[in-house]
Each structure stands twice: as C-alpha cells, then as structure tokens.
Amino acid sequence: MHCYRLTFTAPFHVDSRGNAFYEESSSFIHSDTLSAAMLATWALIWPEQIALHAQNPTFRISSAFPFYRDCYFLPRAASSQAIRLPSEKLKQAKKLKKIQWLDSKLWHTSLTNPNWADAIDLKNGVCQGVLASQTTTLPEKLWLEEDRPRLAIDRNSNQAADSQIFNFSRIWFDKNGGLYFLAVFNDETSRQQFETALSVLGDSGIGADRTSGNGCFSWSKGQMPGLQLAEQGQAVALSLVNPDPGDCQTGWLDGAAYKLVSRGGWIGGSGIRKNRLRMFAEGSVFARPLQGRMVNVSVDQLPQKVYRDGRGFFVKAG
Amino acid sequence: MSEQINPKLKSKIFIKGTITALTGLHIGGNSIGMAIGGADKVVVRNPLTNEPYIPGSSLRGKMRSLLERARGDEKHNPMEGGFSLKEGKLEAQAGINPETLLGKLFGVSADKNNGQPTRLMVRDAHLTPASKNQLENAPNTDMPMTEVKTEVNIDRITSAANPRQFERVPAGAEFAFELVLTLLEGDDESQFLNLIREGLELVQHDSLGGHGSRGYGAVEFSVQTLQERTMPQYQKGEPAADVNEKLMALFSNLQAQNVAVGA
C-alpha cells in the first residue's frame, strides 16, 4: 500500500453536487473524482492504452483525506456514529456528532471501544468542528473557503455582461496540510505510470477552473501507519463503493453501517451530464470487504464509453 | 464528434515573471463582512494571509478578450480566431471555434470542444516577498497593504457631492505570475508563445482590473524564466529545464509602457 501526499500550491474547487453550483466546494476529494482525473491525464500521456485502461485501471485508490504535518485523518466510521454519553456530558453530543475526521489513533479506538469519544478534548483537540486529534496540536483552521465574485465581460462594450456575475468558491489549505490518499497497484510498471500521471496532474490541476490556475499541487510519498488492506472479515471503506452483483450475496448487509451519497457531474469536454449514481460513502462498515465495480455511466450521444470508479478500497476494522 | 481524437501530451512550458502595478490596481473582492468606515469596494485577498492578489482568471480573461477584440469576428479569421457574435444581437462573446489558435489556447465551451485540452493556464499572482514586506511596513497605507482612494461624483445641476471609496493596491506593488502552456504533439510552440506575448503586451497597453478608464490598473510584465518539462522528464521525475534562447528572446523585449512607477 502506497501513500501519496498532495500539497496544494493553488486553491481548488471540487463540486460537491455535480450540478454546476459554484458557490460551494467540497473540502476533500472523493475516490471517483480522483480516479477520473488520473485516467483523463493518463489518456493524454498514453492515448493508445486508455480504452482498455478506463474499463479496468491498474490501480485502486482511496479518497483523498486531509492531513496536517504528520497527523493523518481518516473518515469517521459509520458504526461509530451512535455513542453513549454519561448524563453530565450530554451537552457535548452536538459537537461530537459533527466530527467527521479522526486522527489515525482515535480512528482505531473508535472502531473497537464504545467509549472512544471520552478521549476527545473538545476545547483543544478539535479543529473547525470536524477534525479531531489527540496527539497533534491543530491550527485554528486547516482550510479556508473563499467566495470570490466572477463575471463575464462583453467584447464590444468592455462592460460586465448582464446577469453573468456569479460567486465561485475555492478551498485554500494551510501550507502545512493538504490531502493524502492510499493506492495499490497491479505491478511495478503501473506504479511508475501512475506517478508520472500524478506529476502531470499536479501541474495541470484537479477540480474545476484549472485554466485559471486552480487545483495545482505537488506530491510526495508519505508513510501512513497502522492500516492493513482487508481481504476478509469486518472492513471499513476508504473510498466510494458501488457493489458488484457478486458482492450482494445473502446477508451481505448484516451488521453493516453505511451512508449513501449521490454522485453526478459533467462528462469532460462534452457539456453533457453523467448519469447519476449512488454509492456507499467513505467510512461505511461491512462484514466483509466489497469488490465494487467500474460502472458504465455512458450517455448515448457520445462515441466513447464513460465509467465511474466504484471499486472498493477497504481496510481492516480494528 | 464522429471520430475520437486522441491528442498526446508533448510538454508543458512554464512562463514565470513579475507584474508591476504602475498605477493603483483594483480587482474587486467580496464585500461581505465589510467593516464600518471601510471602503465601499474592496480588493480580492488571499483568505489565509490577507494579502491582495491578482486572480489568474482576471489576467487570463483580460488577455483573451483583448486578443479576441484585436482579431475581430471569429468568422472572418478562421486561422487565429476572435470573438463570436451572438446571432440577432449586437453582443460579442468568447470565440467558440475549437480549430482556431485562440480557441485552442483559451479553450471553448464544453459542448463545442473537440476533445483537446485547453492550452493556457494562468495561475494566481501573489505579492513578491519584497513587495509584501514593503507594503506591510509602509507608514501610509489605509488598510492592510492597500490604499483607499476617495472619488467624488458631482451633480451637474446642484453641485452636490456624492463620494465613494475604492480600495487599491498602490502603484509599485509587484506580483509573481506564472503561465503554464500545455503542448500536444504537432503543436507549434512559437505560434502559441507569440500569441501569449501579444496578449501580455495588449494588457500592458490596456489595464487590469476595474476602472481602467480612470487610470487604474496599468501594469508591466517582465518575464524572467521560461522552462519546459517534457514527457520524458515527467517519466524520469526530472524537473523542468530552460528552453532555448530563441524562444526566450520572444519575451525579452515586451514593449514597455514608459509610465514611471508611482506616477
């Protein structure tokens, strides 16, 4: 398992809804977005490979989660949402409920110990209300969202074109932080190709409005401690997952805790929407890891096939 | 879109240098959270550091619209391109033909795209460390690193004054800019670089940001490095290297404006 740290040299905008709503950006990057960005870059570098590759990529990646210095955050498992609090701590329930990201130590505790939330220091150990760490002193804000007015200028009159003003939101990361993701590869060649494509992607940017310099990053390798890929037994998803029919055996949802997200968006360079698709969110817990699948979300008018990466990236729970 | 085009990436060219504001520069930001007694129109600032910056979209948009206006209607210039006229209305919009040079350089709307990536990327230009230091320690700035300029609108009949205030980055401020040109196999790099040089020159002779007709936003570009990172260099994990002198010479004599800094 390899860990890649992305340090952003420019703010980014990743649409959280996929309906051209620019005023809000997601603060982390889902695995299907990252995978699609990698494959689009791949298509520019090795166009001869892409038809096969898009259907069956040689890599499997997690979503990109926040990190700060050496502190890696993981998405809170859906099974840790329900917590029992002693009556004197009930006032904290609202704050605890909002926490979405746990540092790796807390995350491991949250999977096994029902009283894990007792360890959180709500005053000093929580950042932006959503990130919790026991070990690292967090900055006041790990990222900031900027809302900037944008407009179109008419070429004739040199005036702002009517009703074309809109707000565009971008995420600025603290310079000591960024996003990281985990990846596994079929072989050594695919790892090298992946890293080449990642360098090109860093110079091209990820997310929306790349031609205005958004989403550029530099990457380095990181060491993410204490996670093991799940082959069997209880597993937590670190990516979005769309189950393969083979995953859906009798009782496959027994003891599972999950959230669903709806994913949409545009097909690059076509101005056509993708078919919407629902996936299990990061942090979903299942009795055994799901294989997941590349889902064909093609639209009739287009000559090329369009896929969405719904293959699971699972780690052992506990 | 009958057949699929598979363009192949050749290299990326990084053009880096500085933008000097020759007159006060106003690129509008969000007025939400405006302080009492503050300026009516504030400039855009980096939310992390509170420094004013020049958004890539502003510089890119200005380059594009000036180049397109210089070329005229796209239909009459099928090689290089220009703006497109909205049918039935006298409204000029960005070019839509992906085959023209300007269409390739700046991109066209997604539904007209022919499967090629947009060639030019303009990154946000941030204050240079020296300029930041100078502005932070300047004794006479009204807001952090900026000046507030009051302008008055006089009623022609009653002579009543209606004042308003603009926040500006003072003349002399320097920003570091970076343009990234993506080249595909078969592209003529000097053609695109020439267009970029012309775009920068046109911006020098026009203005950047708001209120250009009242003297705001005169800028000067100076290109310091021109580097290329080719596909083999990406594959070996090598950094970008300097391009040959012939290409560098393109940017060595950007026609200066002869406006004194701080004038």
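Anything mentioned here points back to the structure above.
Our subject in this report is the structure included herewith. Here the structure is a predicted model, which is why all the values come from computation and not from measurement. (Residues numbered from 1 in each chain as written. Chains lettered and ligands numbered in written order. Predicted model: local features only at pLDDT ≥ 70, side-chain atom pairs only at ≥ 80, totals over all residues. Heavy atoms only, no water.)

**Some thoughts on helix 1 (residues 56-71) of chain B**
All names here are of chain B.
And then number 1: For helix 1, spanning 16 residues, the distance from its first C-alpha to its last is 23 Å, which sits close to the expected 22 Å at 1.5 Å a residue.
And then number 2: Burial of helix 1 is extensive: twelve of the 16 residues sit out of reach of the surface.
And then number 3: For helix 1, every residue scored as buried is listed here: Gly-56, Ser-57, Leu-59, Arg-60, Lys-62, Met-63, Arg-64, Ser-65, Leu-66, Leu-67, Glu-68 and Arg-71.
And then number 4: Directly beyond the C-terminal end of helix 1, a positive phi value near 80° is found at Gly-72. (Helix = DSSP H or I, 4+ residues; strand = E, 2+ residues; numbered from the N terminus. Expected span 1.5 Å × (residues − 1). Buried < 20%, exposed > 50% of the residue type's maximum accessible area, 1.4 Å probe, protein only.)

**Re the interface of chain A and chain B**
And then number 1: Counting residues at the interface gives 39 residues for chain A, matched by 50 residues for chain B.
And then number 2: The interface formed by chain A and chain B holds three salt bridges in total.
And then number 3: Between A:Glu48 and B:Lys8 there is a salt bridge, with the nearest N and O atoms lying 3.8 Å from each other.
And then number 4: Counting across the interface, chain A meets chain B through 13 residue pairs in polar contact (both at pLDDT 80 or more).
And then number 5: Counting only elements with at least two residues in the side of chain A that touches chain B, the list comes to helix 1 (31-45), strand 8 (143-150), strand 9 (166-173) and helix 5 (188-204) of chain A.
And then number 6: For the side of chain A that touches chain B, the element with the highest residue contribution is strand 8 of chain A, accounting for six residues.
And then number 7: Among the residues making up the side of chain A that touches chain B, the classes are represented as 15 nonpolar, 14 polar and ten charged. (Contact = heavy atoms within 4.5 Å. Salt bridge = Lys/Arg side-chain N within 4 Å of Asp/Glu carboxyl O. Polar contact = N/O pair within 3.5 Å; in protein donor to acceptor, adjacent residues only side chain to side chain. Nonpolar A, V, L, I, M, F, W, Y, C, P; charged D, E, K, R; others polar.)

**Quick notes on helix 4 (residues 104-112) of chain A**
All names here are of chain A.
And then number 1: Listed as buried for helix 4 are Ser-104, Leu-106, Trp-107, Ser-110 and Leu-111. Here the buried residues of helix 4 occupy an arc of 160° about the axis, which is enough to place them on one side. Seen from the open side of helix 4, the exposed residues pointing more than 90 degrees away from its buried face are Lys-105 and Thr-112. (Arc of directions from axis to C-beta.)

**Side note on empty space enclosed by the protein**
Residues and elements named next belong to chain B.
And then number 1: For the coordinates displayed, the defined rule picks out two cavities of 30 Å³ or more.
And then number 2: Reported here for the largest cavity is a volume of approximately 70 Å³.
And then number 3: Pro-98, Gly-103, Lys-104, Gly-107, Val-108, Asn-113, Asn-114, Gln-116, Pro-117, Thr-118 and Arg-119 are the residues that line the largest cavity.
And then number 4: Considering only enclosed or pocket space, the second largest cavity measures out at about 50 Å³ in volume.
And then number 5: Taken together, Leu-25, Ile-27, Val-43, Val-44, Pro-52, Tyr-53, Ile-54, Val-169 and Phe-175 form the lining of the second largest cavity.
And then number 6: Counted by class, the lining of the second largest cavity contains nine nonpolar, no polar and no charged residues. (1 Å grid on protein atoms, 1.4 Å probe; cavity = no way out; pocket = protein on both sides within 12 Å on 5 of 7 lines; lining within 4 Å. Points joined across faces, edges and corners; volume = space filled by probe spheres on them.)

**Side note on a positive patch on the surface**
Residues and elements named next belong to chain A.
And then number 1: Residues Lys-94, Lys-95, Lys-97, Lys-98 and Lys-123 make up a contiguous surface patch of positive charge.
And then number 2: Checked against the element boundaries, Lys-123 lands in the loop between helix 4 and strand 6 (126-127).
And then number 3: Judged by its relative accessible area of 76%, Lys-123 falls in the exposed class. (Patch = residues over 30% accessible without salt bridge, like charges linked within 9 Å, V, L, I, M, F, W, Y side chains within 5 Å. Areas by Shrake-Rupley, 256 points an atom, 1.4 Å probe, with all protein chains shown as cover. Lys, Arg positive; Asp, Glu negative; His and termini not counted. Charge placed at Lys NZ, Arg CZ, Asp CG, Glu CD.)

**So, the packing of helix 4 (residues 189-205) of chain B against helix 6 (residues 245-252) of chain B**
Between two packed helices, both the angle of their axes relative to each other and the distance between the axes serve to describe the pair.
Residues and elements named next belong to chain B.
And then number 1: Packing of helix 4 against helix 6 leaves a shortest axis separation of 9 Å and a crossing angle of 15°. By the angle between their axes, helix 4 is roughly parallel relative to helix 6. In the crossing of helix 4 with helix 6, the sense of the turn from one axis to the other is right-handed. Residues Glu-189, Ser-190, Leu-193, Asn-194, Ile-196, Arg-197 and Leu-200 of helix 4 form the contact with helix 6, whose own contacting residues are Leu-247, Leu-250 and Phe-251. (Axes fitted to C-alpha atoms, helices over the stretch in contact; angles between N-to-C directions. Parallel < 35°, antiparallel > 145°, perpendicular 65-115°, else oblique. Left-handed = near helix turned anticlockwise from the far one by under 90°.)

**Focus on the packing of aromatic side chains**
The way to describe two aromatic rings as a pair is by their centre distance and the angle between their planes.
Residues and elements named next belong to chain A.
And then number 1: Tallied over the full model, the rule gives 29 aromatic pairs over all chains.
And then number 2: Aromatic pair Phe-67 and Tyr-72: ring centres 6.2 Å apart, planes at 35°, arrangement tilted. Taken individually, Phe-67 and Tyr-72 each receive the classification buried, so the pair is uniform in this respect.
And then number 3: Ring centres 4.8 Å apart and planes at 85° place the aromatic pair Tyr-72 and Tyr-180 in the edge-to-face group. A residue pair is termed long-range when its members are at least 10 positions apart, and Tyr-72 in strand 4 (residues 71-75) and Tyr-180 in strand 10 (residues 177-185) qualify at 108 residues. (Phe/Tyr/Trp six-rings, centres within 6.5 Å; stacked < 30°, edge-to-face > 60°.)

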